[in-house]
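Remarks on the overall topology
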Amino acid sequence: MNTPFSFVDWFRHSSPYINAHRGRTFVVLIEGEAMEGERGESLIQDLALLHTLGVHLVVVFGIRSRVHRVLEAEGIQPVRHQGRWVADEAIMARVERVAAEQRLWLEARLSLGLPNTPLHGIELTTVSGNLVMAKPLGVRDGVDFHRSGEVRRVRAAGIRAQLEQRVLVLLPPLGFSSTGEVFDLDAAEVAQQAAIALKADKLILLGDADGLRDGQGQLLRQLSPSEAAPLLADEALVPELARHLDTACKAALHGVARTHLLSWRDPDALLGELFTRDGVGTMITQHRYEQLRAAEIGDIGGLLELLEPLERRGMLVPRSRERLEHEVDDYVVIDRDGMIIGCAALHRFADTKVGELACVAVHPEYRGGARGERLLAEIERLAKREGLSSLFALTTHTAHWFLEHGFEQASLEALPPLRRDAYNQARKSKVVCKSL
């Protein structure tokens, strides 16, 4: 079997996410341009794979780019106001036609089952319908929006009933009113309101941009709504990305756990975001998926996995599972989506005002992000809260790091008697101390 190692390795590491996503509800927005050409075909295959893995999918599809081309070809110039088209009867006729064509195309592609196609053997049922109720935008600033509308409510119970039957739900950017009218809606708003109504586990927004970037062009991996909100005022933000960011922030504030901003131009974006620890886009969430917290007994396995390579290299003194279990209350950890990527311990000595900073470790793949500094700051905070006057550490490899962070080299006499008696002369560890 000549299978590329990279694929096998990725597949092994993706298994926790396969289990975590099974039975979860994802609302996915696919902007219109994403469904054109080969990229549309591969996106359909990715959606089918997610369905096969047990994800409950609600797919909202955009049509704006196709409608624009139709209007342009027919010489129709739409009036725009407050970022929306004024959907009069002529424009609405084209919107309805394109929406129907796009829905039929999606249903046809999701029905592919020929032996030489990726969907072979997959029985995938889709459903659409009057699942989004709408109301007219009405007259604003003296402009009558005609058939342009906004979401009134999403029929969540009806959608859930379909999802429980393993049906993929398609939602066009259209809404229906109790008066029997059809309204043109913003696809991002449909996705946002559907995710909120369904209490979705994820809202995934596939647009042109691969996420948000800082002033140096670096991709911002994770932001809270409060951190992301100031970026909405950035005039350099392209309209689609600004709309997606606004959608993500509102969804997060209304209880959607995680919203992902991804690019449909990247053929690996959807699966890469969902089945790798670091993802490939920007995530907006109220809850940090990398958090610094007190260690728990359930973290012992993760601590052993983190520390063992450092112990092999002689950077840390070996610690048994029993010792870690006994001392677990001394530890703080950095938990990144269920993986322990950093730790440090504060050992106390009775009847002294001195504490030991021990076992400072960061996973090799996550160094360079000031995580060591975060661990040190937390240990110092805990030490001060307990009234300790100083910290000491024993180190063989990282003395310079401690010196750069306010520690000073000291002699064995600076150690508490119990720790001095247990000093390992063979390791010849350097002693560093810091006043608090």
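Values in this document were obtained by computation on a predicted structure and should not be read as measured data. (Residues numbered from 1 in each chain as written. Predicted model: local features only at pLDDT ≥ 70, side-chain atom pairs only at ≥ 80, totals over all residues. Heavy atoms only, no water.)

1. Comments concerning the packing of helix α6 (residues 187-198) against helix α8 (residues 239-253)
Stated formally: Lines fitted to C-alpha atoms define the axes here, with helix axes fitted over just the stretch in contact, and angles between the N-to-C directions of these axes take values from 0 to 180 degrees. Working definition: helices are DSSP H or I runs of at least four residues, strands are E runs of at least two. Numbering for both runs from the N terminus. With respect to orientation, any angle under 35 degrees is reported as roughly parallel, any angle over 145 as roughly antiparallel, any angle of 65 to 115 as roughly perpendicular, and every other angle as oblique. Note on convention: the crossing is left-handed when the near helix lies turned anticlockwise from the far helix by less than a right angle, right-handed when the turn is clockwise. Here a residue-residue contact requires only that any non-hydrogen atoms of the pair lie within 4.5 Å. Lys, Arg, Asp and Glu make up the charged group, whereas Ala, Val, Leu, Ile, Met, Phe, Trp, Tyr, Cys and Pro make up the nonpolar group; the residues left over, Gly among them, are polar.
In contact at an axis separation of 10 Å, α6 and α8 are set at 15° when each is read in the N-to-C sense. In terms of axis orientation, α6 runs roughly parallel to α8. Handedness of the crossing formed by α6 with α8: right-handed. On α8, the residues that touch Ala188, Gln192 and Ile196 of α6 are Arg243, His244, Thr247, Lys250 and Ala251. Residue classes in the contact of α6 with α8 are distributed as 3 nonpolar, 3 polar and 2 charged.

2. Section: the nonpolar core
Most often, soluble globular proteins keep nonpolar side chains buried together rather than apart. We count it as follows: Only buried residues count toward a nonpolar core, which is a set of Ala, Val, Leu, Ile, Met, Phe, Trp, Tyr and Cys residues joined through side-chain atoms within 4.5 Å. Accessible area is worked out with a 1.4 Å probe on protein chains only. A residue is then buried under 20% of its type maximum, exposed over 50%, and partly exposed in between.
Within the largest apolar cluster, 43 residues are counted, with the highest numbers of intra-cluster contacts made by Ile30, Leu50, Leu57, Ile204, Leu206 and Leu270. Ranked by the residues each element gives to this core, the list is headed by helix α4 (residues 89-109), at 6 residues. Core analysis: the second largest hydrophobic core is formed by 41 residues, Val154, Ala188, Leu237 and Ala251 among them.

3. Section: the pattern of salt bridges
Between side chains of opposite charge, a pair can form as their charged atoms come close. Applicable threshold: A pair is scored as a salt bridge if a Lys or Arg side-chain nitrogen falls within 4 Å of a carboxyl oxygen belonging to Asp or Glu.
For the coordinates displayed, the defined rule picks out 25 salt bridges. The salt bridge involving Arg64 is made with Asp184; its shortest N-O contact spans 3.4 Å. In this pair, Arg64 is assigned in helix α3 (residues 64-73) and Asp184 in strand β12 (residues 182-184), connecting sequence segments 120 residues apart. By relative accessible area, which is 1% here, Asp184 ends up buried. Its salt-bridge partner being Arg243, residue Asp186 comes within 3.2 Å of it at the nearest N-O pair. Linking Asp186 in the loop between β12 and α6 with Arg243 in helix α8, this pair joins segments that are 57 residues apart in sequence. A network of salt bridges, in which partner residues are shared, links Arg66, Glu74, Arg94, Arg97 and Glu101.

4. Overview of the domain arrangement of the protein
We count it as follows: All the domain ranges listed were derived from an automatic or database domain assignment. The term buried area denotes the loss of accessible surface (1.4 Å probe radius) that occurs when two parts are joined, taken as the sum for both partners.
With domains assigned, the protein is organised as domain 1 (6-285) and domain 2 (291-435). Its C-alpha centre places domain 1 at a distance of 46 Å from the equivalent point of domain 2. Across the boundary between the two partners, domain 1 contributes 4 residues, which contact 5 residues of domain 2. Note on domain 1 versus domain 2: buried area summed over both sides is about 450 Å², and carbon and sulfur give 31% of it.

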